[in-house]
Amino acid sequence: MTMQTSASGPPPLSRRSLIKRGLLGGGILLLGGAGFLGMRSTRRGKAPPRPLSVLGEDEYAVVEALAARIIAPAKDAPPLDEVAWNVDQLLAAADPSAQKEVKQLIGLFESALAGFLFGGRITPFTRLEPDEQDQVLREWQQSRLLLRRTGFTALKTLALAGYYSFSSTWAYMKYPGPPKDFHDPSAAVWKGGGQPRPDSPGVFKAEESEGTFPEVEAATATDAGGRHAP
Amino acid sequence: MSDRVGRIVTGDELTADTEVSAEVCIVGSGAGGAVLAHELTARGLDVVMLEEGGYHTRREFNMDEAWAYPNLYQEMANRATDDLAIRILQGRSVGGTTTINWTTCFRTPPRITQVWRERFGMAALTDEVLRPHFEALEKRLHIHEWPLEQINQNNRKLWEGCEKLGYDHKLIRRNVHKCANLGYCGVGCPVDAKQSMLVTFLPDAVEKGLRLYANASARRLEVSGSRVTTVHAEVRDPATDKPRGVKLVVRAKVVAVSGGAINSPALLLRSGLDQGGKVGRRTFLHPSLVSVGIFDEEIAAYSGAPQSVYSHQFIDRGPGKIGWFTETSPIHPVVAAVSFAGFGEGHRELVRKLPNLNAVVASLADGLLPDEVGATVKLRGGGDARLSVHYDLQPSHWEAARVSQVELAKIQFAAGAKQVVTLHEAPVVMNSEKELGKLDSAPWERCRTRLFSAHQMGGCPMGSDPATSVVTPELRFRGVDNLFVVDGSIFPTSLGVNPQQTIYGLARWGAQFVAGSVA
C-alpha cells in the first residue's frame, strides 16, 4: 500500500520551500500573480460573450484552454463557447475568499515561473500545443505533491461543472432529463400565519400517523423497475 | 394548535434590523433542530428558529442539479476537506440535509450505543430508552421498508451481486409517503413524498407557534458569565444569498445549536467557545468510495428510489480494522461528470455511458478505533465566512478503502458488470474479477482517488468526561448553563449507518433537557 505523502527523494530546495507554504490560503498562490520576469503572456482566445463577474480576461482564457483539454468534447458535443463564462458565474456565487484562491490557482497554473519551478517549462499553459497541455495536466494530476493534485482537482471540477451543468449536454450523455409532469411550478408556498396548509401529493398529516400504514402505495406512474413512464 | 401564531419569515421580509425574544432559540432547521422545535412547541414553549439557507419548496424542486446545488447545498455542493480529497455533501435550506438526503433510515445500531455507553459515559442512552422515540418517529415520518419489486436496477445489481456471493443484503427503510419512485430525492422531492423536516415537523411546529426565520445566518452567540443571552444573525438576500446589511437579534432564555456537524462547531468557534480546542475535533465523515460498474443493459441509476438495498457484510472486521457499509449511489449528470476519473477522451467516454452505469458505495465507519481522531473543523483566517475541515486519513483508513474497493468490484462482476472502474485519477479499469489485483497496486492517497462524505458527525461529542466531551450526557454545552447542542455533531463516533434517524431520535430524547432548562 502506498503511504500518504509524496516525495521518494528530497525535492530541490526551492520546491521544498514552496511545499511547506501549503496551497489554498498559502503563499505559493501568489506566484500566480501576473507579469513577472517579463515572461510570455497569456494567449487570449475569443472575448467573453458577456461581461465577467470574477475572472479577468487572462484568467478567462486559461479556463477556456484547460476546459478544452479536460472536456475534450466529441464531434457531436455541444460547443465549449459558454464554459468559461459559466465558470465565472459559478464563482460569482462563491465566497470572496474562495474566489481569490481560485484566481490565484488559475494564475499559478498558467504561470511560466511556476511551470519552470515545477517542471522546467517556461511557456504559459495557454501557449502550449494541445498534447503539451495534456502533459501539464497529467503532471498536476499525478504529482507527488498533494498541493498540485488538490489544484488539479479544483480546476477539473470547475471546468466539468461549467460544462455539464448545461442541459444541452444531456442528450450527449444519453440522459433523458427529469421526468415530466411531476414538478408543479405553481404549487402554493405555505408560510403559516394561521393559514391552513395547502394540499400536496405526498402530504402525510400527523393525525394519520396514529393508524397503521397502508401497504406501500405502488406509484401509478412507475413500473416495477423504478423507471418512470416516458 | 396553540394560541401563538407561527410563521415562516424569509429574508426579503426583513428590511430593517429586527430584535425578537423567545424562550428558546434554535439555530438550524435540519434533522436535529426541526425535531427539537416540534417537541418544544408541543410542550407549549415559545420558540424562534434561525436557518441560514433559503425556504425552498416543491414549487422550485425542478429536479435539475444546476438549480439544486447552489440553492440546497452547503457551498453549492463544493464543500470539501481543505485538500479537496473528500467532497462533503450537506444540505443548506429549510429542512437542512433532510431536504436533499436519499431517505435512508436506520435506528442507531446497538453496537454503537454500546460504544457510546461504555467508552463515552452515555450510560442513560440505552436501546430501551431510545425505542419509544424511534417508534413515534417511524409513525410520523412513515418510515417503512421499500418493497423488493419496487427497487431500481441500480439497487438490483447490489442485491444480485450480494446474493451470488452469499453476502448479507437487506432492503432499506425509507421515510416516504406516496413515493412516485422518481429518483430525485437528492435535489428536492417534487411531490413532497419524502417525509423530510420541510414537510413534517417544521410545518407541524409552525402550526404550534414556531417562528422560523429563513435566510438568517447566525454569526455569533453572546455569552455573559456562564449564560448565553443573545444570538446575533445576519439576514441574507434570498435572491443572491449575500448579506443584505440587516441584523436579526434573538434574545432567549435557552439556546440550542442545531447547525449540524461542521456548522455547529463553526458557530461555537466564531463565538469564542472552543473549550480549549475540543470544539470541532472528532469530526467523522463516513469517507465513501465509489465503484462504477458498466453493464450491457440499461441501469438508469438516475431513476427510481436512490437507495433501497444495503449490505453490512463488512461492518465489523474485527479489532484494529475499520469496517464499512455498502449501499448504492444514484448517478446524475453533473455529479457524475465532476466525479469520474481522469480527463479528456477517457473521461468523456465514461460520461457518455451514463444510462448503463451502476454505482455502489463503501462508507467507512470512522471514529471507532481507539486511536482515531477524525477530522478537525476550524475557522479560516481572513473573515468568518469560510471553514477549514482537515482530515489526515491514516493507514487504517486506506487499508479499508483498498479492501472495500475490491469487494465493491466483486459484487458488480457477480451481478454481471462487463467492466468496473474506480474513481482514481489514473483510472483503474478491470474487465473481470481476474483483474482485481490492479487495485492492490493502485495509489491510495489523497487526491489520487475520489472520496465523498454524505454523513457529517461529531465535532461536539457528548459524554461524561469533561476532558473529551463538549456536551454533557444531557447535551448541555460545558461551561454555559443554558446552551445545548442538538444535532449530528454530538455523536462521539460515526454510526456505520446513515445518520438521519439517529439525529431525529437523539433530538426527540434530548428535548426533555432543553425544555427542563427553560425556567
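Residues numbered from 1 in each chain as written. Chains lettered and ligands numbered in written order. Predicted model: local features only at pLDDT ≥ 70, side-chain atom pairs only at ≥ 80, totals over all residues. Heavy atoms only, no water.

A.B. asks: Describe the overall build of chain A, listing the residues and the values that go with them.
C.D. replies: The number of helices and strands found in chain A is seven helices and zero strands. Sequence-ordered secondary structure for chain A, helices as α and strands as β, is α-α-α-α-α-α-α. Within chain A, buried positions represent 46% of all 230 residues. Across chain A, every contact between residues at least 6 apart in sequence was considered, and the portion connecting residues at least 24 apart equals 66%. Accessible surface for chain A amounts to roughly 11400 Å². Of this, 56% is attributable to carbon and sulfur atoms. (Helix = DSSP H or I, 4+ residues; strand = E, 2+ residues; numbered from the N terminus. Buried < 20%, exposed > 50% of the residue type's maximum accessible area, 1.4 Å probe, protein only. Contact = heavy atoms within 4.5 Å. Areas by Shrake-Rupley, 256 points an atom, 1.4 Å probe, with all protein chains shown as cover.)

A.B. asks: Give a detailed account of the pairing of strand β14 (residues 288-294) of chain B, specifying residues and quantitative values.
C.D. replies: All names here are of chain B. With seven of its seven residues buried, β14 lies for the most part within the structure. Going residue by residue along β14, you find S288, V290, V292 and I294 tucked away on one face and L289, S291 and G293 tucked away on the opposite face as well. For β14 and strand β17 (residues 357-364), the ladder comprises seven bridges, and the chain directions are antiparallel. Along β17, the bridge assignment pairs V290 with V361. (Pairing = 2+ DSSP bridges.)

A.B. asks: Quick one: what's the story with helix α2 (residues 65-72) of chain B, residue by residue and with numbers?
C.D. replies: It helps to recall that an α-helix has 3.6 residues per turn; residues three or four apart then point in one direction. Residues and elements named next belong to chain B. Three or more residues of α2 are buried, namely E65, W67, A68, Y69 and L72. Looking at the buried side of α2, the elements it contacts are α8 (333-339). Backbone nitrogen of A66 and a side-chain oxygen of the N-cap are separated by 3.0 Å at the start of α2; the cap is D64. (Polar contact = N/O pair within 3.5 Å; in protein donor to acceptor, adjacent residues only side chain to side chain.)

A.B. asks: Run through unusual backbone geometry, naming residues and quoting values.
C.D. replies: The phi dihedral of A:K174 is positive, around 60 degrees, even though this residue is not glycine. If you trace the backbone, A:K174 turns up in the segment after α7 (146-164). Positive phi, close to 70 degrees, is recorded for B:T103, a residue that is not glycine. Tracing the backbone through its elements, the reader meets B:T103 in the loop between β4 (86-88) and β5 (104-105). Given the relative accessible area of 0%, B:T103 is considered buried.

A.B. asks: Describe in detail the packing of helix α2 (residues 57-71) of chain A against helix α4 (residues 96-110) of chain A, supporting the description with residues and values.
C.D. replies: Residues and elements named next belong to chain A. Where α2 contacts α4, the axes come no closer than 10 Å and their chain directions differ by 65 degrees. By the angle between their directions, the pair α2 and α4 is classed as roughly perpendicular. In terms of crossing hand, the pair formed by α2 and α4 is left-handed. Residues E59, V62, V63 and L66 of α2 form the contact with α4, whose participating residues are K103, I106, F109 and E110. (Axes fitted to C-alpha atoms, helices over the stretch in contact; angles between N-to-C directions. Parallel < 35°, antiparallel > 145°, perpendicular 65-115°, else oblique. Left-handed = near helix turned anticlockwise from the far one by under 90°.)

A.B. asks: How would you sum up the packing of α2(A) against α7(A)? Please name residues and give values.
C.D. replies: Residue and element names in this part refer to chain A. At their nearest, the axes of α2 and α7 sit 9 Å apart, and the two run at 80 degrees to each other. Here α2 is positioned roughly perpendicular relative to α7, judged by the angle of their axes. Of the residues in α7, those in contact with L66, A67, I70 and I71 of α2 are L155, K156, A159, L160, Y163 and Y164. Residue composition of the contact of α2 with α7, by class: nine nonpolar, no polar and one charged. (Nonpolar A, V, L, I, M, F, W, Y, C, P; charged D, E, K, R; others polar.)

A.B. asks: Give a detailed account of the nonpolar core, specifying residues and quantitative values.
C.D. replies: In this structure, B:L50, B:W116, B:L221, B:L268 and B:L483 are the most contacted members of the largest nonpolar core, which totals 236 residues. If one sorts the elements of this core by residue count, α7(A) sits on top with ten residues. (Core = buried A, V, L, I, M, F, W, Y, C linked by side-chain atoms within 4.5 Å.)

A.B. asks: Summarise the pattern of salt bridges; cite the residues concerned and give the values.
C.D. replies: All names here are of chain B. Applying the stated rule across the entire model yields 40 salt bridges over all chains. Among the ionic pairs, K157 bridges to E160, the shortest N-O distance being 3.7 Å. Here K157 and its partner E160 are both found in helix α5 (residues 153-165), three residues apart, which amounts to about one turn of the helix. A relative accessible area of 27% means that E160 is categorised as partly exposed. Where salt bridges share partners, they join E52, R92, R219, E234, R236 and D241 into one cluster. (Salt bridge = Lys/Arg side-chain N within 4 Å of Asp/Glu carboxyl O.)

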